[in-house]
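The residues making up each chain are set out below.
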Amino acid sequence: MKVFDLQRFLKEKRYTQKELAGLLSCTQPYLSAVLAGKKRFSEDRLKLIQSYFGNIDSYITEVEDTPNKTSPSPNKYNQGEEVIINRNILDLLQTQSEAILSQQRTMEKMIDEKMIQSETMLSQQRTIENMVAKKTNVQEDENVGCAGVSGSDLGK
């Protein structure tokens, strides 16, 4: 079995677990488990590391499998176990996630606009109600007359 000396690799390449995890699209706790010997890098993961850093043979040693350690079945996943996702699928998921977030923002703006419209309508309704409440009955005084609009009385 191939074992990758992650601790030496990180030290010599001056990478943190977090930085390498970001580069390899995995989690920092996964790298911590690799460092602790609880997990191993897959061949695909080693190829990915090699694609970024060139020849990594000096960090790989061949060791015999210990019979007490059972390796997990490749078709069974335990909770918290890393699953490798194809880059195209990951890109598609990210694009869909961004589209959903954009739609959510649009919906929030629409809701805000509707609330503003509702508040405006309520304000207008209150204004009308206040005007009706303050309405005074104006009665025509007996001495009040209408001015002539024909203009015939202008010369008087």
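K.L.:
Break down helix H2 (residues 17-24) for me, citing the residues and quoting the values.
P.N.:
Taken together, the buried positions of H2 are occupied by Leu-20, Ala-21 and Leu-24. Axial view of H2: buried residues confined to an arc of 105°, hence all on one face. Of the exposed residues in H2, those oriented more than 90 degrees away from the buried face are Lys-18 and Gly-22. Residues of H2 that are buried sit in contact with helix H1 (6-13), helix H3 (28-35) and helix H4 (43-53). One or two residues past the end of H2 sits Ser-25, with phi positive at roughly 55°.

K.L.:
How would you summarise H1 if you had to cite specific residues and measurements?
P.N.:
Residues of H1 that are buried include every one of Leu-6, Phe-9 and Leu-10, and no others. For H1, the arc enclosing every buried residue in end-on projection is 95°, short of the 170-degree limit, so these residues lie on one face. Exposed residues on H1 whose side chains face more than 90 degrees from its buried face are Gln-7 and Lys-11. Looking at the buried side of H1, the elements it contacts are strand E1 (2-4), H2, H3 and H4. Phi for Arg-14, located one or two positions after H1, is positive at around 55°.

K.L.:
Could you give an account of the nonpolar core, naming the residues involved and the relevant values?
P.N.:
The biggest cluster of nonpolar side chains holds 17 residues, and the ones touching the most others in it are Phe-4, Leu-6, Phe-9, Phe-41 and Ile-49. Those elements giving two or more residues to this core turn out to be H1, H2, H3 and H4. Excluding residues within four positions of it along the chain, Phe-9 makes contact with Phe-4, Leu-20, Ile-49, Phe-53, Ile-56 and Tyr-59.

K.L.:
Break down the packing of aromatic side chains for me, with residues and values.
P.N.:
Tallied over the entire structure, the rule returns seven aromatic pairs. Between Tyr-15 and Phe-53 the ring centres are 5.2 Å apart and the planes differ by 85°, which places this aromatic pair in the edge-to-face class. In this pair, Tyr-15 is assigned in the loop between H1 and H2 and Phe-53 in helix H4, connecting sequence segments 38 residues apart. For Phe-53, a relative accessible area of 19% translates into the label buried. Taken together, the aromatic side chains of Phe-4, Phe-9, Tyr-15, Tyr-30, Phe-41, Phe-53 and Tyr-59 make up a single cluster linked through ring pairs.

K.L.:
Quick rundown of the pattern of salt bridges? Include the residues and the values.
P.N.:
If you walk through the whole model with that rule in mind, you get two salt bridges. Asp-5 is the salt-bridge partner of Arg-8, the closest N and O atoms lying 3.3 Å from each other. Classification of Asp-5 by relative accessible area gives partly exposed; the value is 31%. Here Glu-12 and Arg-8 are joined by a salt bridge, their closest N and O atoms 3.5 Å apart. Of the two residues, Glu-12 and Arg-8 are both situated in helix H1; the distance of four residues between them amounts to about one turn of the helix. Residue classification places Glu-12 among the partly exposed positions, given a relative accessible area of 46%. Arg-8 gets classed as partly exposed once you look at its relative accessible area, which sits at 29%. The structure contains a network of salt bridges with shared partners spanning Asp-5, Arg-8 and Glu-12.

Cut-off values and rules
- Residues numbered from 1 in each chain as written.
- Predicted model: local features only at pLDDT ≥ 70, side-chain atom pairs only at ≥ 80, totals over all residues.
- Heavy atoms only, no water.
- Buried < 20%, exposed > 50% of the residue type's maximum accessible area, 1.4 Å probe, protein only.
- Helix = DSSP H or I, 4+ residues; strand = E, 2+ residues; numbered from the N terminus.
- Arc of directions from axis to C-beta.
- Contact = heavy atoms within 4.5 Å.
- Core = buried A, V, L, I, M, F, W, Y, C linked by side-chain atoms within 4.5 Å.
- Phe/Tyr/Trp six-rings, centres within 6.5 Å; stacked < 30°, edge-to-face > 60°.
- Salt bridge = Lys/Arg side-chain N within 4 Å of Asp/Glu carboxyl O.

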